[in-house]
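What follows is the residue order along each chain.
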Amino acid sequence: MEEQGQLEELDKKYVWHPFTQMKDWEREKTVIIASGDGSYIEDVEGKRYLDGVSSLWVNIHGHRKKEINDAIKSQLDRISHCTMLGLSNVPATLLAERLVGVIERSLGSVGSPPGSPSFGQKQGLGQTMGPALTKVFYSDNGSTAVEVALKMAFQYWLHKGVTGRNCFLSLNNGYHGDTIGAVSVGGVDMFHDVFGPLLFKTYKAPSPYCYRCDVVNSSDDCNFACLRKMEDILAAHHDEIAAVIVEPLVQAAGGMIVAPPGYLRGVRDLCTNYNVLLIADEVATGFGRTGLMFACEHESVVPDMLCLSKGITGGYLPLAVTVTTDEVYNTFLGDFRELKTFFHGHSYTGNPLACAAALACLDIFENEKTLQYLAPKIEILEEGLRNISTFPHVGDARNRGFMAGVELVRDKASKEPYPWAERMGWRVANHAKGKGVFVRPLGNVVVIMPPLVIGEADLRLMLDVIGEAIKKVSA
Ligand SMILES: *Cc1c(COP(=O)(O)O)cnc(C)c1O
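In this convention, every chain numbers its residues from 1, walking through the sequence in written order. In view of the model being predicted, local features appear only for residues whose pLDDT reaches at least 70, and side-chain atom pairs are presented and counted only at 80 or more, with totals across whole chains, interfaces and linings using the full set of residues. For side-chain calculations, the full set of non-hydrogen atoms in the structure is used, while hydrogens and water are omitted.

Draft legend 1. The site of the ligand, seen in detail. Here a residue is near a molecule or strand as soon as one of its heavy atoms is found within 4 Å of it. All residues adjacent to the ligand are Trp57, Asn141, Gly142, Ser143, Tyr175, His176, Gly177, Glu247, Asp281, Val283, Ala284 and Lys310. Contact distances for the ligand include 3.2 Å between an oxygen atom and a side-chain N or O atom of asparagine 141. Two N or O atoms form a polar contact when they lie within 3.5 Å of each other; inside protein one atom must be a possible hydrogen donor and the other a possible acceptor, and for residues adjacent in sequence the pair counts only when both atoms belong to side chains. One of the side-chain N or O atoms of serine 143 is found 2.6 Å from an oxygen atom in the ligand. Residue burial considers only the protein chains on display, and all accessible areas are found by Shrake-Rupley using a 1.4 Å probe. In the complex, 84% of the free accessible area of the ligand, which totals 380 Å², lies under the protein chains. Just so you know the grouping, Ala, Val, Leu, Ile, Met, Phe, Trp, Tyr, Cys and Pro go in nonpolar, Asp, Glu, Lys and Arg go in charged, and all remaining residues, Gly too, go in polar. Tallied by class, residues from the shell around the ligand come to four nonpolar, five polar and three charged.

Spelled out as structure tokens, the structure:
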């Protein structure tokens, strides 16, 4: 039954693929994946591909990982799903505690001594020691984790008796998902412009995109001019702004744009100074992608809300969380009649199978010292990127940890981009696919984001194939 010809016909007849021009799809050969193993995926014809984008940034410990499979199977023999509305379940409860602990170890506690690596912005408020982010709200994908954060932030101010906080501040080139609220705070014009008439009002600050800075002419000594622009907006409009939302360190879908060191810390300080909430969307950066458990850890930043999804289950099942502080949570407590309840929830919220997978995923991080073994692989990746950056049509090859993007340009000296309709990124990816490496580009940016567990030899192979593909296509 699992035959290429027949399945391809069915796919083309019945399936509408995401972010895909289906007219092209209908003309091209469809690769149909039948199985996976470690960093490889295999199609129905038996051809193997290195999974160079971790099945769209979700896979951490590899495909068909025994420990995660076992955890899901064992949960399956108990119960697959029950509602969180009016009930709780075993894995969702255990996972919430576990996440709060993991986040505390990464981002620090309330009341840590100033200057210590775990010193958060909450220091000095007289609280006793304890985690800064304490309350876990479940949903089932990154976009809804963001929707939850936006609605929670908005309602938080109402509960504080503050009205008029009807807007958000977000960044150009930001991406927070595809639901309408997430698109409203998004800043990737190609995806988002068409929906303009449907969106709510959002202030946009410049993207920390040093390679193509639109704030200053020369980035030497820019003194964070992009942050000053953000400050101008906050100074003028802070009393309309419920929260600032950013992707910490890497604007991923916007083109793997890596913020300069200190930028995130600067955003945190501005939010504190102007008294607006900070939402950290770590849907892409979370769970080790940047080399540490969470991107915020690199700059000792504690957000008011942390959105996590993608890697949370190791890439096995859909699950997301929005984690927030007691300060936010407590404002939602009140008599039933006060209507302070957070009226939000999804059918599959806190799904036990997904939570069991997430617990197994966190166990593996500890048992296999995933982040410790990642460090030398990040060096190999960076060495490969340095080599690729010398190619005549590579404008910028950038990374933070295991998130990398190679920006192709028509003219290296002037940074003139290839016209987007030439689909250079797609052509490179297509070439690499023929050589057994699957990657998916973002416009002119070739994305390199393998599972954290990838072996060193496979990583080098992947870099070679991508390098060759870039040379061929841009020759
Ligand atoms: C992927 C992504 C989302 C959306 O997650 P989905 O699960 O695709 O809805 C949100 N924010 C960031 C930073 C992402 O990378």
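From this point, the narrative continues.
Draft legend 2. Spotlight on helix H6 (residues 142-159). For helices the rule is a DSSP run of H or I covering at least 4 residues; for strands it is a run of E covering at least 2, with both sets numbered from the N terminus onward. In this analysis, the expected span of each helix is defined as 1.5 Å times one less than the number of residues it contains. With 18 residues, H6 should cover 26 Å at 1.5 Å per step; its first-to-last C-alpha distance of 26 Å lies within 8% of that length. Burial classes follow relative accessibility: with a 1.4 Å probe on protein chains only, a residue under 20% of its type's maximum area counts as buried, one over 50% as exposed, and anything between as partly exposed. Counting buried positions over the 18 residues of H6 gives 15, a clear majority of the element. Where H6 terminates, the next one or two residues include glycine 161, which has phi positive at roughly 85°.

Draft legend 3. Summary view of the sheet that holds strand E14 (residues 320-324). Paired strands, as defined in this entry, are two strands with at least two bridges between them according to DSSP. Reading across from one edge, E6-E14-E13-E12-E9-E7-E8 is the order of the seven strands in this open sheet, with mixed pairing throughout. The two strands at the open ends of the sheet, each matched to only one other strand, are strand E6 (135-139) and strand E8 (202-205). Mean inter-strand twist for the sheet, computed between neighbouring axes without regard to direction, equals 20°. Judged from the four bridges that link them, strand E9 (residues 241-246) and strand E12 (residues 277-281) form a sheet pairing that is parallel. Each bridged residue has a counterpart across the sheet, and for valine 244 the counterpart in E12 is leucine 278. Note on geometry: axes are C-alpha line fits, over the in-contact stretch for helices, and angles between N-to-C directions span 0 to 180 degrees.

Draft legend 4. Region of interest: the packing of aromatic side chains. Two aromatic rings, drawn from Phe, Tyr or Trp (for Trp, its six-membered ring), form a pair once their centres lie within 6.5 Å of each other, and the interplanar angle then sorts them: stacked below 30 degrees, edge-to-face above 60, tilted otherwise. Tallied over the full model, the rule gives seven aromatic pairs. On the numbers, 5.9 Å between centres and 50° between planes, the contact of phenylalanine 168 with phenylalanine 200 is tilted. One end of the pair, phenylalanine 168, is in strand E7 (residues 167-171); the other, phenylalanine 200, is in the loop between helix H8 (189-192) and E8, and 32 residues separate them in sequence. Relative to phenylalanine 342, the ring of phenylalanine 332 lies with its centre 5.7 Å away and its plane at 80°, an arrangement referred to as edge-to-face.

Draft legend 5. Representation of the sheet that holds strand E2 (residues 40-43) in the model. Here we have four strands laid out as an open sheet, ordered E1-E2-E3-E18, and mixed in their pairing. Edge positions in the sheet fall to strand E1 (33-37) and strand E18 (437-438), since each of these pairs with one other strand and no more. When E2 meets strand E3 (residues 48-51), the two strands line up antiparallel, connected through three bridges. Residue glutamate 42 lies in a different strand from E3, and its bridge partner there is arginine 48.

Draft legend 6. Expanded view of the environment of phenylalanine 168. Under the relative-accessibility criterion, phenylalanine 168 is labelled buried at 5%. When the C-alpha atoms of phenylalanine 168 and arginine 460 are compared, they prove to be 42 Å apart, with 292 residues separating the residues in sequence. If we ignore the near neighbours within four places in the chain, the residues touching phenylalanine 168 are Leu150, Ala153, Phe154, Val185, Phe200, Lys201, Thr202, Tyr203, Ile241, Ala242 and Ala243. What makes two residues a contact is simply this: any of their non-hydrogen atoms within 4.5 Å.

Draft legend 7. Spatial organisation of unusual backbone geometry. With phi around 75°, tryptophan 57 is a residue other than glycine that occupies positive phi space. Mapped onto the elements of the fold, tryptophan 57 is located in helix H3 (residues 54-57). The exposure class of tryptophan 57 is buried, given its relative accessible area of 6%. In this structure, methionine 256 is a non-glycine residue whose phi angle is positive, near 50°. Tracing the chain through its elements places methionine 256 in the loop between strand E10 (250-251) and strand E11 (257-258).

Draft legend 8. Region of interest: the nonpolar core. In terms of nonpolar packing, the biggest core is built from 110 residues, with Trp57, Met230, Val244, Phe287 and Val406 touching the most fellow members. Considering every element that reaches this core, the biggest residue donor is helix H12 (residues 352-367), with eleven residues. Residue ranges for the domains originate in an automatic or database domain assignment. The residue makeup of this core includes at least three contributed by each of domain 1 (31-61 + 369-474) and domain 2 (73-367). Setting aside residues no more than four positions away along its own chain, phenylalanine 287 makes contact with Ile60, Leu99, Met293, Phe294, Leu308, Ser309, Gly311, Ile312, Leu362, Phe365 and Leu452. In plain words, nonpolar cores are sets of buried Ala, Val, Leu, Ile, Met, Phe, Trp, Tyr and Cys residues tied together by side-chain atoms within 4.5 Å. Ala145, Val148, Ala243 and Cys307 belong to the second-largest nonpolar core, a separate cluster that totals 24 residues.

Draft legend 9. Representation of the pattern of salt bridges within the structure. Each reported salt bridge corresponds to a side-chain nitrogen of Lys or Arg within 4 Å of a carboxyl oxygen of Asp or Glu. Under the counting rule described, the total for this entry stands at 21 salt bridges. Where aspartate 304 meets arginine 268, a salt bridge forms, and the shortest distance between an N and an O atom there is 3.2 Å. Taken together, the residues aspartate 304 in the loop between E12 and strand E13 (305-308) and arginine 268 in helix H10 (residues 263-274) connect sequence positions 36 residues apart. The exposure class assigned to aspartate 304 is buried, which follows from its relative accessible area of 6%. Residue arginine 268 is classed as buried on the basis of its relative accessible area of 3%. Across the pair arginine 398 and glutamate 407 runs a salt bridge, and its minimum N-O distance is 2.9 Å. Within this structure, Arg98, Arg105, Asp363 and Glu366 form a network of salt bridges that share partners.

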